[in-house]
Amino acid sequence: MESGFENPLEVIDAFVDGERVDVVRFKAALAESEGRDYLVDAWMLREAARSDAASGMGFAAPLPVARRVHSRPWILVTAVASAIIAGFAVGRGTYPIATSASANPPVPTVVVVATPAVAAFPVPAATRVIQLEFRSDGSSGGD
Amino acid sequence: MWSSVLVAALILQTAAVELRQAPPAAAAPTADWLVVVATPVYQPDGGVTTETTSLPMAGAGLVHMFARRSVCAPATTGAAEPADAGFGWRVASQIISRSERDVVVSLDWRRLWDGGRKVSGGPGGTVQLTLHPGDRIPLDLITNASPRADCRAVALGLEVRLGRAAVVSPTPASMIPIGATPGGAKKLDAEFWLIHTLPSGAEQVMHQAVRVPLAGGTFGFAPMSVETTRGSVNVQLTGSLDRYRAPSGGEFLVMSMTRLVTGDGLPPAGVSSSTGSVIPLPLPTEVPIFEITGPVGGGARGGGGGRGGAARVSGGAVAAGGGAVAGGVVARAPQQTPAAGGQVVARGGGAVPVAVLLEGHQFALKLRVTQVN
């Protein structure tokens, strides 16, 4: 399911989501420090989402969680599943404007935060001064 | 029975396809609004220093906003918990929807550190907010129980704001030195401090750190509120850093900034203006400051080239087409008077220069870059 990634970091998302991934691309993604940071962030994000779900606190649209299918008469389950799959396949085949773009995996949503080694505060002293003048973008006048 | 199930599946499939093709909503970031999490540190003199970070344009996000030994030095990390936090929060987010007018976001926040140590069962909550441009929603406040000489702050807050994302436009050729090629050598972490100096002398500072890829990146601050005798206006600064290499091998940055002023008595879309400058890639120990003159810092004087303004600098090479290049030590310009020109905005019965409108509020932007290994 990881083919066609535009962002090389998406293979990490796929891995964290438990999907099969291309080992070469996965190694390549982890070869970058950004990829390793992303793996940690993605893992922590999913951990947080799971812990929230477990504690009853969660988002309106929680991350997908695998559900256990309770025992039911097997014949009924098989029949319903077959009908749904068949209907889905027929609909997919007959609906004319389903595009491949709509099937693309979602973009990664982990926040990539730059973390400079030096503290941001107190504000460092300026080493040189550059003065700028703003010019109007529209018709409301100029500087 | 089976035929009805089949029909139901067909309907579901059709609905699913139509949903995928519906006008972009949560998954497609068409609107250019950024949800910003901020931790303002309130000083007794009215000054405020604020760490900020932007949430993802869509989907889920997780950040930690914290301070270390005192509340006076706020910082932020991504999903990984900081090991040395003494005060702060974990904020998980989920963008529900966005439109041209607002963003709906679900936030799960919790205070994880207080009094210099990790706490369990701290204040927290899950809220769904519909944020409009300029909104500023406080979520929590940690009071500074033991002010010291090196940190006299009153409190550290946690807020959510909505700001405009930077609109990237191609760098005009006039600003690019002859023979330069696009792209930098290594990724950068760029830090920006937007400094708003009030007429009283108190400073309100917003900090932001962004990862800058080889081609360049953008930054954007949530609006800063300016209270004037004519009413309240918001000043928002966004911008971009484009990276180039000179034929000699050195790297330089094309910095573009857009300032949007909105508020009482101004046109509904606000008053937008822009400027730009070209500077050599600063060393990690260098901190250039871009002082914004003209409509914000005072009346602007004539002249200037390039797109939307010019840097008043000395030293450095001259860009193709006459654009200004900042390349060396720059002398401070003399104080300017609000009446000397400035962007003019129609307010009520007459035209008022933006500089006059802002009544002496000064703005400047500091920059520090470090290479990412």
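1. Side note on the overall build of chain B
No. 1: Scanning chain B from terminus to terminus reveals two helices and 23 strands.
No. 2: Across the 373 residues in chain B, those meeting the buried criterion constitute 51%.
No. 3: The long-range share in chain B, meaning contacts at least 24 apart out of those at least 6 apart in sequence, stands at 62%.

2. Some words on the overall build of chain A
No. 1: In terms of regular secondary structure, chain A is built from four helices and two strands.
No. 2: Its helices and strands taken in sequence order, chain A reads α-α-α-α-β-β from the N to the C terminus.
No. 3: Classification of the 143 residues of chain A by burial places 23% in the buried group.
No. 4: The contacts of chain A with a sequence gap of at least 6 include a subset with a gap of at least 24, amounting to 34%.

3. Comments concerning the pairing of strand β23 (residues 362-371) of chain B
All names here are of chain B.
No. 1: Of all 10 residues in β23, seven are buried; the element is thus mostly enclosed.
No. 2: Sheet topology places strand β12 (residues 188-197) next to β23; 10 bridges connect them, and they run antiparallel. Within the sheet, the bridge partner assigned to Ala-190 lies in β23 and is Val-369.
No. 3: Bridging between strand β19 (residues 288-293) and β23 involves four bridges; their strand directions are antiparallel. Bridging from a neighbouring strand, Phe-290 pairs with Leu-365 of β23.

4. Describing the nonpolar core
No. 1: Formed by 103 residues in total, the largest nonpolar core has its most connected members in B:Val35 and B:Leu194.
No. 2: With sequence-adjacent residues up to four places away left out, B:Leu194 is seen in contact with B:Val205, B:Met206, B:Phe221, B:Leu237 and B:Leu365.

5. Here we look at the confidence of the model for chain B
Residues and elements named next belong to chain B.
No. 1: Chain-level pLDDT for chain B is 79 on average; 75% of the residues reach the 70-or-more range.
No. 2: For residues 5-31, every residue scores under 50 in pLDDT, and the model assigns this stretch 39 contacts once sequence neighbours within four places are set aside.
No. 3: Scored below 50 in pLDDT, residues 295-342 makes 148 contacts in the model with residues more than four places away or belonging to other chains.
No. 4: Predicted as a complex, the structure gets a pTM of 0.68 and an ipTM equal to 0.73.

6. Observations regarding the pairing of strand β16 (residues 231-245) of chain B
Residue and element names in this part refer to chain B.
No. 1: With 12 of 15 residues buried, β16 lies mostly within the body of the structure.
No. 2: Looking at chain direction, strand β11 (residues 181-182) and β16 are connected through two bridges and run antiparallel. Bridge pairing in β16 links Thr-181 to Arg-245.
No. 3: One ladder, built from five bridges, connects strand β14 (residues 216-220) with β16; its direction is antiparallel. Bridge pairing in β16 links Phe-219 to Gly-239.

7. Describing the confidence of the model for chain A
Residue and element names in this part refer to chain A.
No. 1: Confidence along chain A averages 66 in pLDDT terms, with 43% of residues attaining 70 or more.
No. 2: Taking the mean pLDDT of every element in chain A, the minimum, 61, falls on helix α4 (residues 74-94) and the maximum, 91, on strand β1 (residues 128-133).
No. 3: pLDDT under 50 marks residues 60-70. Its contacts with residues more than four places away, or in other chains, come to 10 contacts.
No. 4: Segment residues 139-143 is flagged for pLDDT under 50; beyond a separation of four residues in sequence, or across chains, it makes 22 contacts in the model.

8. Quick notes on unusual backbone geometry
No. 1: Following A:Phe121, the chain continues into A:Pro122 via a peptide bond in cis, with omega recorded as 0°.
No. 2: Following the sequence through the fold, A:Pro122 ends up in the loop between α4 and β1.
No. 3: Phi angles above zero are rare outside glycine, and B:Glu359 is one such case at about 50°.
No. 4: For B:Glu359, the position within the fold is in the loop between α2 (354-357) and β23.
No. 5: The class for B:Glu359 is partly exposed, based on 14 C-beta atoms found within 10 Å.

9. Here we look at the environment of B:Thr52
No. 1: Following the sequence through the fold, B:Thr52 ends up in strand β2 (residues 48-54).
No. 2: Once residues lying within four places of it in the same chain are set aside, the contact partners of B:Thr52 are B:Val36, B:Val37, B:Ala38, B:Met206, B:His207, B:Gln208, B:Phe221 and B:Ala222.

Procedures and definitions
Residues numbered from 1 in each chain as written. Chains lettered and ligands numbered in written order. Predicted model: local features only at pLDDT ≥ 70, side-chain atom pairs only at ≥ 80, totals over all residues. Helix = DSSP H or I, 4+ residues; strand = E, 2+ residues; numbered from the N terminus. Buried ≥ 20, exposed ≤ 12 C-beta atoms within 10 Å, placed from the backbone. Contact = placed C-beta atoms within 7 Å. Pairing = 2+ DSSP bridges. Core = buried A, V, L, I, M, F, W, Y, C linked by C-beta atoms within 7 Å. pLDDT = per-residue confidence, 0-100.

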